[in-house]
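Here's the letter readout for the chains.
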Amino acid sequence: MLSLSTADWLAIRVTLKLCLYTTVILMLLATPLALWLAAGAGRLRSFVQALVALPLVLPPTVLGFYLLLAMGPNGPLGGLSLAFTFSGLVLGSMIYSLPFVVQPLRDAFAAIGEQPLEMAACLGAAPLDRFRSVVLPLARPGFITAAVLGFAHTLGEFGVVLMIGGNIPGETRVLSIAVYEHVETLDYAHAHALSAGLLMLSFLLLLPVYSHRFRRRVGA
């Protein structure tokens, strides 16, 4: 039976930690942004939506390159020393996975419409109460989809993390980089083991999101 090396187990730990941190922070930041985007149209909203969607079309290496420049000594984030650190990976992953979290939330909020919120307001509910008692229950499938897609997308990233994090064991070496290293050294057995694990985990994460039975249950 093939056993993974200590470095590979460290890569698994760093990857899962990165996915968890990125998803939690993104959910907190993307919720108000998605609420604002779902509230209407306009030039500013169109500009922000295009900006949010950029990671969908940009090559990850391009995004990673500009993030690396931003985190460099002469960049706006240079003073924070984020390049080649786990914190830098989290920031880059948040930007890279942003559209996968914002868009499901925006669609879920837009589907609610104004009427339920107006009715709650007529009953005397404050804005926070309306969000807690109306928006959260009705948009629950959107929240679950956003969290799963954000986690799964971060799980498989390669170009961005390689550009801004490098390959520091226990700090910035994630599973995708570990797979690439094994392939480079012709160690296909370990590359296959890690790749198969990523494939199965990604499939198991996505399967409930696209299951009609699951969507009916969380939307009940």
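Quick summary incoming for the structure in this document. These numbers come from a predicted model, not from an experiment.

### A short note on the packing of aromatic side chains
- All told, the structure shown has 4 aromatic pairs when counted by the stated rule.
- Relative to Tyr66, the ring of Phe65 has its centre 5.3 Å away and its plane inclined at 65 degrees; by these criteria the two rings are edge-to-face.
- Residue Phe65 is classed as partly exposed on the basis of its relative accessible area, which comes to 38%.
- For Tyr66, a relative accessible area of 53% gives the class exposed.
- Here the aromatic rings of Phe109 and Phe143 are separated by 5.7 Å at their centres, their planes lie at 65 degrees, and the arrangement is edge-to-face. Pair noted here: Phe109 is in helix α4 (residues 86–112) and Phe143 is in helix α7 (residues 140–155), with a separation of 34 residues, a long-range link. Take Phe109 and Phe143: they sit in the same class, and that class is buried.
- The side chain of Lys17 reaches across the aromatic face of Phe86, ending 4.6 Å from its centre.

### Quick look at α4
- For α4, which comprises 27 residues, the first-to-last C-alpha distance of 37 Å matches the rise-based estimate of 39 Å (1.5 Å per residue) to within 8%.
- The principal kink in α4, of about 50 degrees, is found at Ser97, preceding the proline Pro99 by one to four residues.

### Observations concerning unusual backbone geometry
- Of note, the phi angle at Ser81 is positive, near 55 degrees, even though the residue is not glycine.
- Its place among the elements puts Ser81 in the loop between α3 (60–71) and α4.
- Look at Ser81 and you get exposed, because its relative accessible area is 52%.
- Backbone geometry at Phe84 places phi at a positive 60 degrees, although glycine is not the residue there.
- Relative to the assigned elements, Phe84 resides in the loop between α3 and α4.
- For Phe84, a relative accessible area of 42% translates into the label partly exposed.

About the cut-offs
Position numbers for residues start from 1 in each chain and track the written sequence from start to end. Note on the predicted model: pLDDT of at least 70 is required for a residue's local features to be given, and 80 or more for side-chain atom pairs to be given and counted; whole-chain, interface and lining totals, by contrast, use all residues. The side-chain values count all of the structure's non-hydrogen atoms but skip hydrogen atoms and water molecules. What counts as a ring pair is set by centres within 6.5 Å for rings of Phe, Tyr and Trp (its six-membered ring), and what kind of pair is set by the plane angle: stacked under 30 degrees, edge-to-face over 60, tilted for all other angles. Relative accessibility decides the category of a residue: with a 1.4 Å probe and only protein chains considered, values under 20% of the type maximum give buried, values over 50% give exposed, and everything between is partly exposed. Starting at the N terminus, helices and strands are each numbered in turn, a helix being any DSSP run of H or I of at least four residues and a strand any DSSP run of E of at least two. Any Lys NZ or Arg CZ that is within 6 Å of a ring centre and within 35 degrees of that ring's normal is treated as a charge sitting over the ring. The span one expects for a helix is its residue count, reduced by one, times 1.5 Å. Note on bend: at a given residue it equals the angle between the axes fitted to the 7 residues ending there and to the 7 starting there.

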